[in-house]
Amino acid sequence: MKRLCAFTLLLASWSAVAGEFVDLRRATAIRGDAVAGAAKVAVCVACHGPDGNAVVPAFPALAGQHAGYLYQSLDGFRRRADPASPMTSQVQNLSDADLRDIAAYFASRRRTPPAVETTGDSPGARLFREGDPSRGIAPCQGCHGPAAQGHPLRAGMARYDYYPALAAQQPDYLAARLRHYRDGGPGDTSNALVMRGVARYLDDAAIAELAAWLAATPR
Ligand code: HEC
Ligand code: HEC
């Protein structure tokens, strides 16, 4: 009960400050047109790679990411309009229907397998599966799935389509994102708050181990 109150309070204070807090606990499925989306991504693939398979380490891969997560990520860039992000100018003139179509398109693409695939056990693999209770680190698999393909309950519950798959993502991007959550980057959705709570216990060594294992895990 105490925890629920704290969460509600946190939500309330965020909406008071930012004014645009998005509560994703009742998020619904994203319905977009992948074929229409294909015609809207010419500019995107310049940075995110053919079909959304990025080759530049700082640019995230989008191919095979869940549509809900892609959509809310794009919507977030639009809402925040952060001048420091290269994504702001990309989404400024896109409609909500555009974002849905683009999300559906990239979700339907196949992620290129990693150049070097994981050989199973590693410190990153163990952290991902088991966490490290002595350091307060939660097992990532509870929310991202045992093989980092997405939330285990995603098939039956639309709100878990907003939890990202992490396998075969660019390692530099993964590490940057984890530092960002840990160091208190924008927490303007209920999902971002959840991930911030997890990342606060990760040090740079743990982040490097996790990113290396995830990048080498096929999607
Ligand atoms: C100039 C290069 C560039 C272009 C063009 C570009 N992006 Fe990005 N994109 C980035 C970078 C860099 C990031 C990560 C940085 C950040 O989060 O601010 C990013 C992040 C994203 C993310 C978040 C991914 C995640 O896993 O959270 C999505 C989704 C995305 N871009 C989609 C698009 C779409 C759709 C377009 C075309 C409308 C596009 N991008 C055009 C550089 C680009
Ligand atoms: C309690 C559920 C939960 C746990 C446990 C969890 N995550 Fe997350 N994670 C999320 C949610 C929800 C998001 C989406 C946040 C958002 O929308 O900004 C996320 C987002 C991420 C992202 C951003 C991906 C992208 O494409 O931008 C990374 C990286 C990540 N998590 C890694 C991890 C790692 C590594 C662990 C284990 C140390 C972990 N997560 C444990 C719920 C969780």
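Residues numbered from 1 in each chain as written. Chains lettered and ligands numbered in written order. Predicted model: local features only at pLDDT ≥ 70, side-chain atom pairs only at ≥ 80, totals over all residues. Heavy atoms only, no water.

Contacts to ligand 1 come from 18 residues, most closely from Cys44, Cys47, His48, Met87 and Tyr173. In this structure, a nitrogen atom belonging to ligand 1 sits 2.7 Å away from a side-chain N or O atom of histidine 48. Elements supplying a minimum of two residues to the shell around ligand 1: helix H3 (45-48) and helix H4 (67-80). Per-class residue counts for the shell around ligand 1 are 14 nonpolar, four polar and no charged. (Near = heavy atom within 4 Å. Polar contact = N/O pair within 3.5 Å; in protein donor to acceptor, adjacent residues only side chain to side chain. Helix = DSSP H or I, 4+ residues; strand = E, 2+ residues; numbered from the N terminus. Nonpolar A, V, L, I, M, F, W, Y, C, P; charged D, E, K, R; others polar.)

Okay, the nonpolar core next. In this structure, Phe128, Ala148, Leu166, Tyr181, Leu202, Leu210 and Leu214 are the most contacted members of the largest nonpolar core, which totals 23 residues. At the level of secondary structure, the elements contributing two or more residues to this core comprise helix H7 (123-130), helix H9 (171-182), helix H10 (190-199) and helix H11 (204-215). Among the elements that line this core, the one with the most residues is H11, at six residues. In contact with phenylalanine 128, not counting residues within four places along its chain, are Pro139, Cys140, Gln141, His144, Gly145, Pro146, Ala148, Leu166, Leu210, Trp213 and Leu214. (Core = buried A, V, L, I, M, F, W, Y, C linked by side-chain atoms within 4.5 Å. Buried < 20%, exposed > 50% of the residue type's maximum accessible area, 1.4 Å probe, protein only. Contact = heavy atoms within 4.5 Å.)

Close to ligand 2 lie 22 residues, the nearest being Cys140, Cys143, His144, Tyr181 and Met195. Glutamine 72 places a side-chain nitrogen or oxygen 3.2 Å from an oxygen atom of ligand 2. Between ligand 2 and the protein, one listed contact pairs an oxygen atom with a side-chain N or O atom of tyrosine 181 at 2.7 Å. When contributions to the shell around ligand 2 are tallied by element, the ones reaching two or more residues are H4, helix H8 (141-144), H9 and H10. In the shell around ligand 2, the residues fall into 18 nonpolar, three polar and one charged.

What follows deals with the coordination of the iron atom of ligand 2. Looking at the iron atom of ligand 2, one finds its protein donor set to be His144 (NE2) and Met195 (SD), positioned 2.1 to 2.3 Å from the metal centre. Given six donor atoms and angles of 87 to 179° at the metal, the environment of the iron atom of ligand 2 is assigned as octahedral. Of the two residues, histidine 144 sits in helix H8 while methionine 195 sits in helix H10, which places them 51 residues apart along the sequence. Judged by its relative accessible area of 17%, methionine 195 falls in the buried class. (Donors = N, O, S within 2.8 Å, 3.2 Å for Na, K, Ca; no water. Tetrahedral: all angles 85-135°; square planar, octahedral: opposite > 155°, others 65-115°.)

Our next topic: the domain arrangement of the protein chain. Each assigned domain of the protein chain is listed here: domain 1 (27-112) and domain 2 (113-219). The partner domain 2 presents 24 residues to the 23 residues of domain 1 that form the contact. Looking at the side of domain 1 facing domain 2, the largest losses of area belong to His66, Tyr69 and Arg111, adding up to 32% of the total buried there. Applying the counting rule to domain 1 against domain 2 returns two salt bridges. Of the charged contacts in the structure, one is a salt bridge between arginine 79 and aspartate 188, with a shortest N-O distance of 3.3 Å. Seen at the junction of domain 1 and domain 2, the total is 15 residue pairs in polar contact (both at pLDDT 80 or more). Counted by class, the side of domain 1 that touches domain 2 contains 13 nonpolar, seven polar and three charged residues. (Domains from an automatic or database assignment. Buried area = accessible area lost by both parts, 1.4 Å probe. Salt bridge = Lys/Arg side-chain N within 4 Å of Asp/Glu carboxyl O.)

Turning to unusual backbone geometry, a few remarks are in order. Here the phi dihedral of aspartate 51 falls at roughly 60°; this positive angle occurs in a residue that is not glycine. You can see aspartate 51 is positioned in the loop between H3 and H4. With a relative accessible area of 34%, aspartate 51 lands in the partly exposed category. With a phi close to 60°, alanine 168 is a non-glycine residue in the positive phi region. Along the chain, the position of alanine 168 falls in the loop between H8 and H9.

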